[in-house]
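Structural overview for review
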Amino acid sequence: MRIVVALGGNALSKRGETLTAEGQRASIRVAAESLAKLLEAGHEVVITHGNGPQVGYLALQGGLFPLDVLGAETDGMIGYVLQQELDNAYEPDAKYATLLTQIEVDPGDPAFQAPTKFIGPIYAEAEAAKLSTDRGWSIGKDGAHFRRTVPSPRPKCILELDVINLLLEQKVIVICAGGGGIPVVQKPDGTMIGVEAVIDKDHASGLLAREVKADAFLMLTDVAGVFTDWGGPDETILRAATPDELASMSFPAGSMGPKVDAACDFARATGGFAAIGRLEDCMALVQGAKGTRISMKP
């Protein structure tokens, strides 16, 4: 099968822990070892990843560059380590490529007026309020903590799609659309320019999965799957669901909501299946043994 695998930014940097090079490499090594099992089973794998924690930390370091440039920087940083750890975990003769990927968004997207995408570390309420005042940041509540929120416009078009397909034809394991891709808009004169936003990685990965005609779409994160009554007394994991069943439920806009939406879009458009679950359970997600599977058939 051709499988697009989206690695969550929080899965690559443990929630609540200070981001370090050593910690990130350790988490990426776990991801690489999990992905290697898919490759050893003969699946064709296209890899994307989040960058919310990473781009948020870079933004804290003086704010000299806009989010599109920081997104490109984190794509290179994460892609380099992931490519290296994959090479260590899998067949040494395999070919890899990390591709900086521009994704066009609509400058009129309402997301620019309502920031919901969490980036960066978690803060206590007082610290978050100070950062909001000092830096003009939008702040949102992420569980019991607070984080910076930024616009997350919907992806329209993957500009490097032809290059991705060329690499796949040559049996290259492609790491692309990192952090949801680098957000760009087209100016009236036809030229492209980056914008201050972070595209949701799951929506961008879902678009990629549809465009490369993937059979399956996995979203790997730091939770076991999709839950009803998350954090409440009746918390229950959904092992399987159809898009219509999920449409009647509500999920947080800054975390699980985009994953569920992207999974439903993929299932409806392709007839394939999407699955959401833990980073280390990637092979079990394909087999349907763990996580939450979303497909047109229950």
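Since this is a predicted model, take the numbers as computed values, not measurements.

What about the nonpolar core?
Val 4, Ile 164, Leu 208, Val 212, Phe 217, Met 219 and Leu 246 are the most contacted members of the largest nonpolar core, which totals 43 residues. The element contributing the most residues to this core is helix α8 (residues 256-270), with 7 residues. Discounting chain neighbours no more than four positions away, the residues touching Phe 217 are Val 4, Ala 6, Asp 202, Ser 205, Gly 206, Ala 209, Ala 262, Phe 266, Phe 273, Ala 274 and Ala 275. Among the nonpolar cores identified, the runner-up in size contains 29 residues, and Leu 7, Leu 38, Leu 39 and Met 283 belong to it.

Regarding the sheet that holds strand β2 (residues 44-49)
Strands sit in the order β3-β9-β2-β1-β12-β16-β17-β15 across an open sheet of 8 strands; the sheet is mixed. Edge positions in the open sheet fall to β3 (95-99) and β15 (240-241), since each of these has one partner strand only. Bridge count between strand β12 (residues 216-221) and strand β16 (residues 273-278): 6 bridges; the pairing is parallel. Paired with Ala 216 across the two strands is Phe 273, which belongs to β16.

Details of helix α1 (residues 21-40)
Taking 1.5 Å of rise per residue, 20 residues should cover 28 Å, and α1 covers 28 Å from first to last C-alpha, within 8% of that figure. Among the residues of α1, those classed as buried are Gln 24, Ser 27, Ile 28, Ala 31, Ala 32, Ser 34, Leu 35, Ala 36, Leu 38 and Leu 39. One or two residues past the end of α1 sits Gly 42, with phi positive at roughly 95°.

Describing the pairing of strand β7 (residues 145-150)
Most of β7 is tucked away: 5 of the 6 residues are buried. Here 4 bridges tie strand β5 (residues 117-123) to β7, and the two strands are oriented antiparallel to one another. Looking across to β7, one finds that Ile 119 is bridged to Arg 148. Strand direction decides the pairing type here: strand β6 (residues 138-142) and β7, joined by 5 bridges, are antiparallel.

What counts, and at which threshold
Residues numbered from 1 in each chain as written. Predicted model: local features only at pLDDT ≥ 70, side-chain atom pairs only at ≥ 80, totals over all residues. Heavy atoms only, no water. Core = buried A, V, L, I, M, F, W, Y, C linked by side-chain atoms within 4.5 Å. Buried < 20%, exposed > 50% of the residue type's maximum accessible area, 1.4 Å probe, protein only. Helix = DSSP H or I, 4+ residues; strand = E, 2+ residues; numbered from the N terminus. Contact = heavy atoms within 4.5 Å. Pairing = 2+ DSSP bridges. Expected span 1.5 Å × (residues − 1).

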